[in-house]
Amino acid sequence: MDIVSLPSLLAIPNSFGAPPSSLQPGEIVDALVVALLDSGVVRLQLPDGIVDVRTAVPLAVGAKVRLAVNGTSAGLQLVVLTDGVAGRSATPAAVVARQPADAPARASADAAAGAGFEASAVEIAVTGASAAAVASVPQAAGPFPPAAADTLAEAVQVAAARQGGLAPLLADLEQAANGGALPPSVAAAAARVLDLRVPLDGLDAAAVRQALARSGLFLEAGFAAVSSSAAGMAGMDMKAALLVLRQVMKSWFDGEPAPGSRPALPVSAPPPPYRGAPPSAQPAVSPSLPTHAPSGAIAQRLLADTDAALARQTLLQVASLPDAAAGSLKAAQRGAQWAFEIPLATARGSAIAQFEISRDGQGAAPDGPSVWRVRFSLNVEPMGPVHALIAVTGDRAAVTLWAEREASAARLRAGAGELAEALRGAALAPGDIQFRVGTPAAPPPAAGRFLDRAS
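What you see is a predicted model; the values in this text were computed from it and never measured. (Residues numbered from 1 in each chain as written. Predicted model: local features only at pLDDT ≥ 70, side-chain atom pairs only at ≥ 80, totals over all residues. Heavy atoms only, no water.)

Considerations on the pattern of salt bridges
A side chain of one charge can pair with a side chain of the opposite charge when the charged atoms of the two come close. For the structure shown, the criterion picks out eight salt bridges. Note that R301 and D305 form a salt bridge whose closest N and O atoms lie 3.0 Å from each other. One end of the pair, R301, and the other, D305, are both in helix 9 (residues 295–319), four residues apart, so they sit about a helical turn from each other. Judged by its relative accessible area of 11%, R301 falls in the buried class. In this structure, E341 and R312 form a salt bridge, with 2.8 Å as the shortest nitrogen-oxygen distance. (Salt bridge = Lys/Arg side-chain N within 4 Å of Asp/Glu carboxyl O. Helix = DSSP H or I, 4+ residues; strand = E, 2+ residues; numbered from the N terminus. Buried < 20%, exposed > 50% of the residue type's maximum accessible area, 1.4 Å probe, protein only.)

Overview of helix 3 (residues 166–178)
Here helix 3 spans 18 Å end to end across 13 residues, near enough to the 18 Å set by a 1.5 Å rise per residue. Within helix 3, the full set of buried residues consists of L166, A167, P168, L169, L170, A171, D172, L173 and A176. In this structure, the buried side of helix 3 is in contact with helix 4 (184–194), helix 8 (238–254), helix 9, strand 10 (337–346) and strand 11 (349–359). G180 occupies a position one or two residues after helix 3 and carries a positive phi of about 65°. (Expected span 1.5 Å × (residues − 1). Contact = heavy atoms within 4.5 Å.)

Things to note about the pairing of strand 12 (residues 371–380)
Among the 10 residues of strand 12, nine are classified as buried, and the element is accordingly described as predominantly covered. Pairing geometry for strand 11 and strand 12, over six bridges, is antiparallel. Among the inter-strand pairings, Q354 is bridged to a residue of strand 12, identified as S377. Bridge count between strand 12 and strand 13 (residues 384–393): 10 bridges; the pairing is antiparallel. Paired with R375 across the two strands is L389, which belongs to strand 13. Between the end of strand 12 and the start of strand 13, which pair antiparallel, lie three residues. (Pairing = 2+ DSSP bridges.)

Some remarks on the sheet that holds strand 11
Spatial strand order, 9-10-11-12-13-14-15: seven strands in an open sheet with mixed pairing. In the strand order of this sheet, the two ends are held by strand 9 (198–199) and strand 15 (429–437), each with one partner. The pairing of strand 14 (residues 396–403) with strand 15 spans seven bridges and is classified as parallel. Bridging across to strand 15, W402 finds its partner in R436. The strands that helix 9 touches are strand 10 and strand 11; relative to strand 10, the one it contacts most, it runs at about 140°. The strands touched by helix 12 (residues 416–425) are strand 14 and strand 15; relative to strand 15, the strand with the most contacts, the crossing angle is about 145°. (Axes fitted to C-alpha atoms, helices over the stretch in contact; angles between N-to-C directions.)

Here we look at the confidence of the model for the protein chain
Of all residues in the protein chain, 64% have pLDDT values of 70 or greater, and the mean over the chain is 73. Mean pLDDT values for the elements of the protein chain range from 23 in strand 7 (residues 118–125) up to 97 in helix 11 (residues 406–414). Across residues 1–21, confidence stays below pLDDT 50; counting only partners more than four residues off in sequence or on other chains, it has 67 contacts. Note on residues 82–142: pLDDT is under 50 here. Beyond four places in sequence and across chains, it has 193 contacts. (pLDDT = per-residue confidence, 0-100.)

A short note on helix 4
In an α-helix, one turn spans 3.6 residues; hence positions three or four apart end up facing the same way. Among all positions of helix 4, only V186, A189, A190, V193 and L194 are buried. Viewed along the axis of helix 4, the buried residues span an arc of 140°, placing them on a single side of the element. In this structure, the buried residues of helix 4 make contact with helix 3 and helix 8. (Arc of directions from axis to C-beta.)

So, the packing of aromatic side chains
For the coordinates displayed, the defined rule picks out three aromatic pairs. Measuring from ring centre to ring centre gives 5.5 Å for F340 and F355, while their planes differ by 20°; the resulting arrangement is stacked. Taken together, the residues span a long stretch of sequence, with F340 in strand 10 and F355 in strand 11 at a distance of 15 residues. Ring centres of F355 and F376 lie 5.0 Å apart, and the angle between their planes is 20°; on these two criteria the pair is classed as stacked. Of this pair, F355 sits in strand 11 while F376 sits in strand 12, and the two are 21 residues apart along the sequence. For F376, a relative accessible area of 5% corresponds to the buried category. An aromatic cluster is defined as three or more aromatic residues linked by ring pairs; in this entry it consists of F340, F355 and F376. (Phe/Tyr/Trp six-rings, centres within 6.5 Å; stacked < 30°, edge-to-face > 60°.)

Here we look at the environment of F218
Its place among the elements puts F218 in the loop between helix 5 (205–214) and helix 6 (219–224). C-alpha separation for the pair F218 and Q317, spaced 99 residues apart in sequence, amounts to 8.2 Å.

Considerations on the packing of helix 8 against helix 9
Running from amino to carboxyl end, helix 8 crosses helix 9 at an angle of 150°, the nearest separation of the two axes being 9 Å. Compared by their axis directions, helix 8 and helix 9 come out roughly antiparallel. Every pair of crossing elements has a handedness; the one defined by helix 8 and helix 9 is left-handed. In terms of residue class, the contact of helix 8 with helix 9 is made up of 13 nonpolar, six polar and four charged. (Parallel < 35°, antiparallel > 145°, perpendicular 65-115°, else oblique. Left-handed = near helix turned anticlockwise from the far one by under 90°. Nonpolar A, V, L, I, M, F, W, Y, C, P; charged D, E, K, R; others polar.)

This is the structure in structure tokens:
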């Protein structure tokens, strides 16, 4: 086997909440293969960043590999555990790692606070017409030191300028895939992204629970947890799928003639998410790819769409971090929050529903029942924009639904009995149920929030 030492000074930028740290001898880490480069070098997404490695072990884009960190007199070595069992390998291969030139900035944006979570069970009530679900999701860590907060603010600034909705990417991917315009490697990566959509008529409690696990919110945390339950996460995770898609499309784009200037983000990009912001749904949109566009233009458009979607993933992860004003780990856990999006497959195209699950840290007695809130928005015809707030206190649920169209509000109101019955079927006692026309009240402006200069 090839023995090549890992430079001892390699330090991968850690995810927010901890300063940069080096790999340590004896560690076992999981990584996602995001690109195959030249001369046997592959690009890996690790829990703490991105590295390029050279290995004789055959690897495929999208595969998850387990690595052992060994210490030698020459430095560190990463050893691929080809049989997937920590601590031993039938045919080990040592690999050499180096950071890409743009790794620190890109790894900070890609990591976006995935690590630093602990497992907990969260009871959620979903859709107001479905059941309660128990989702095992990571719990928020404590507040961050000033240095980490500065790094976080920088990553948010970069991502906010680049973010765009997932709906345009899905529309363009579907059109390009159906038209046979994609090379096989790109078509396979595109199919993986499109397969993560949830059929609209299948949006129930189990689907929401699964979509939360696959949303990309916990990708890095899944890598950090070396366990069988995390082993399959990367293969069915939106952020992992987008990272792989970007890498194969970048290789495709680099091999095509330059099509011209970089395409601008769609004008209809949704507002960037942040902690406390109301959920923002994305309706299905028409593809933006011109008919009979050359390969270079298709690759450029899809690459821009993917970059925008990945930037939004970063913002969603940051929006799920504990409040900096929490003051302690216990306070942060009381105010835990997860913001994520669910791509929906509808008859009119791909729409995006945005969810927020939060624990109410205000006013709950120490020995009282848990208080959880679920907010979501979706925009699917013929109903149009609909918004919901569900508050679950113990075994009692209160629901408020808003529809922006009078006729849609009337249809929701007519189904009040079915909603109450569905709550009882989920072992929840119906509390106050309200139906309103319009949108939920927006939170008051706060320092440090995004400003829409276009309005």
